[in-house]
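# Coordinate analysis (summary)
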Amino acid sequence: MSLPNDPFMLLSAVNLKLRDYYGSLDELCDDMNVDKEKLCEKLSAAGFEYNSTQNKFW
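Residues numbered from 1 in each chain as written. Predicted model: local features only at pLDDT ≥ 70, side-chain atom pairs only at ≥ 80, totals over all residues. Heavy atoms only, no water.

### A closer look at the overall build of the chain
Regarding its fold elements, the chain presents three helices and two strands. In the chain, the succession of α and β elements from N to C terminus is α-α-α-β-β. By the compact-globule yardstick of 10 Å for 58 residues, the chain fits well, its C-alpha radius of gyration being 10 Å. Taking the principal axes of the C-alpha coordinates as reference, the chain spans close to 25 × 25 × 20 Å. Among the 58 residues that make up the chain, the fraction classed as buried is 31%. Long-range pairs, those at least 24 residues apart, make up 46% of the contacts in the chain with a sequence separation of at least 6. As displayed, the chain offers around 4000 Å² of accessible surface, 47% of which is attributable to carbon and sulfur atoms. (Helix = DSSP H or I, 4+ residues; strand = E, 2+ residues; numbered from the N terminus. Rg over C-alpha atoms; globule rule 2.2 N^0.38 Å. Buried < 20%, exposed > 50% of the residue type's maximum accessible area, 1.4 Å probe, protein only. Contact = heavy atoms within 4.5 Å. Areas by Shrake-Rupley, 256 points an atom, 1.4 Å probe, with all protein chains shown as cover.)

### Topic: helix 2 (residues 25-32)
Residues Leu25, Leu28, Cys29 and Met32 constitute the buried set of helix 2. Seen along its axis, helix 2 keeps its buried residues to an arc of 95°; they face one direction. Seen from the open side of helix 2, the exposed residues pointing more than 90 degrees away from its buried face are Asp30 and Asp31. Among the structural elements, helix 1 (7-20), helix 3 (36-45), strand 1 (50-51) and strand 2 (56-57) are those in contact with the buried residues of helix 2. Among the residues trailing helix 2, asparagine 33 stands out with phi positive, at a value near 55°. (Arc of directions from axis to C-beta.)

### A look at the packing of aromatic side chains
In this description, a pair of aromatic rings is defined by centroid distance and the angle of the planes. Summed over all chains, the structure comprises two aromatic pairs. On the numbers, 5.3 Å between centres and 55° between planes, the contact of tyrosine 50 with phenylalanine 57 is tilted. According to the relative accessible area criterion, tyrosine 50 is partly exposed, its value standing at 23%. Residue class for phenylalanine 57 comes out buried when judged on its relative accessible area of 2%. (Phe/Tyr/Trp six-rings, centres within 6.5 Å; stacked < 30°, edge-to-face > 60°.)

### Side note on the environment of phenylalanine 8
Secondary-structure assignment places phenylalanine 8 in helix 1. A relative accessible area of 53% places phenylalanine 8 in the exposed class. The sequence separation of phenylalanine 8 and aspartate 20 amounts to 12 residues, and the corresponding C-alpha distance is 18 Å.

This is the structure in structure tokens:
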């Protein structure tokens, strides 16, 4: 499955996967072959940042 391009849809999809399937952002990126820096930059541009303690973007 590819991730959506829209930042708000991307946020929803990534947080769902982090909540239900992955224990960390690194695990998600490794498993899905996603560039972690690009993902974080895209979500950061929309005002979201990753919280490793909560394992979600907000």
